[in-house]
Amino acid sequence: MRIPPWLRIELPRGKGFSCTGALLGDLRLNTVCRSARCPNIFECYSRKVATFLILGAQCTRGCAFCNIGLGRPEPVDPDEPARVSEAVGRLELRHAVITSVTRDDLPDGGSTHFAAVLRRIRADHPQVSTEVLIPDFQGDRQALETVLAAEPGILNHNVETAPGLYPRIRPQAVYARSLELLRTAKELAPEASTKSGLMVGLGETDEEVRGVIRDLHAAACDIVTVGQYMRPSRKHPEVERYVHPDTFEGYAAYGRSLGVPHMFCAPLVRSSYNAELFARKETGA
């Protein structure tokens, strides 16, 4: 299928894109923007914004939609929290978003490292708000408690797609486990905002999308994002449909009718895209 006009992206014209890339390269930092081939990388890098990908660049899971490498994980780098914090300062970020590959090989799933990054950012940049996009930690409650103890402003965990597509798209994940993580996070840290998101265009129906939104509302999710799946390469699943912007507006209206506080739904919406804007709207700042 041809890419529709509402998904056409302009390439950067200024120096911001290359400067951001060079800075991150100098600090030896990975970003989900580049590793996942996010279509918004040109805009975000040009604005000196990036989502940090910690705990290496090799994932222990092989979700069909994802472009991040599957392979032997790298050793945990104890200097990474300091380098992430330095990047936050040099990019002059006001809202720092940290995610990771899934590290099922680690006893704590990488939760201690997440906490170390959060604490280092807070120590160096107390004015910067923080958001984490975490894996499911295989349902380990203690790992979740470790991250929440470091007091992220927003805790995000994506369900990614409708439950009926999990065997094909997320074979090593469990939909119910992801919902339980979100519910537990809200119970453990009611002062933190919880966030989740999904992609459309992988073969789900609109009713299945509404079903996921209902489930996220039942899990007390504060922020829900819905965006268009874009095929990162020819080895990834094909796009089953390109969803019209009006349909995304319908998803948002449906979520709001249920009582979801904040719905962000549009073709190019991604979990961490414009995360600062979403965070400001959520907090009223």
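Report follows, based on the coordinates.

Conventions we followed
Residues numbered from 1 in each chain as written. Predicted model: local features only at pLDDT ≥ 70, side-chain atom pairs only at ≥ 80, totals over all residues. Heavy atoms only, no water. Core = buried A, V, L, I, M, F, W, Y, C linked by side-chain atoms within 4.5 Å. Buried < 20%, exposed > 50% of the residue type's maximum accessible area, 1.4 Å probe, protein only. Helix = DSSP H or I, 4+ residues; strand = E, 2+ residues; numbered from the N terminus. Contact = heavy atoms within 4.5 Å. Arc of directions from axis to C-beta. Polar contact = N/O pair within 3.5 Å; in protein donor to acceptor, adjacent residues only side chain to side chain.

### Observations regarding the nonpolar core
Turning to step 1, where the next piece is worked out: Core analysis: the largest hydrophobic core is formed by 43 residues, its most contacted members being Phe-52, Ile-98, Phe-114, Ile-134 and Leu-155.
Turning to step 2, where the next piece is worked out: If you tally residues by element for this core, the top one is helix α5 (residues 111-124), at five residues.
Turning to step 3, where the next piece is worked out: When sequence neighbours within four positions are dropped, the list of residues in contact with Phe-52 reads Leu-24, Leu-29, Asn-30, Thr-31, Val-84, Ala-87, Val-88, Leu-91, Leu-93, Val-97, Ile-98 and Thr-99.
Turning to step 4, where the next piece is worked out: Counting residues in each nonpolar core, the second largest holds 24 residues, with Tyr-175, Val-209, Ile-213 and Ala-252 among its members.

### Quick word on helix α6 (residues 141-149)
Turning to step 1, where the next piece is worked out: Regarding α6, the residues found buried are Ala-143, Leu-144, Val-147 and Leu-148. Buried residues along α6 cover an arc of 135 degrees about the axis, so they all sit on one side.
Turning to step 2, where the next piece is worked out: As for α6, its buried residues are in contact with α5, β6 (129-133), β7 (154-156) and α8 (175-188).
Turning to step 3, where the next piece is worked out: A side-chain oxygen of the first residue of α6 lies 2.9 Å from the backbone nitrogen of Gln-142; this N-cap is Asp-140.
Turning to step 4, where the next piece is worked out: The positive-phi residue at the C-terminal boundary of α6 is Glu-151, with phi of around 60 degrees.

### What to know about the environment of Gly-211
Turning to step 1, where the next piece is worked out: Mapped onto the elements, Gly-211 comes out in helix α9 (residues 206-218).
Turning to step 2, where the next piece is worked out: Sequence separation between Gly-211 and Ala-162 is 49 residues; the distance between their C-alpha atoms is 8.0 Å.

### Focus: the environment of Asp-79
Turning to step 1, where the next piece is worked out: The residue Asp-79 is located in the loop between β4 (69-70) and α4 (80-90) in this model.
Turning to step 2, where the next piece is worked out: The class for Asp-79 is partly exposed, based on a relative accessible area of 49%.
Turning to step 3, where the next piece is worked out: Measuring from C-alpha to C-alpha, the distance between Asp-79 and Ile-98 comes to 15 Å, with 19 residues separating the pair along the chain.

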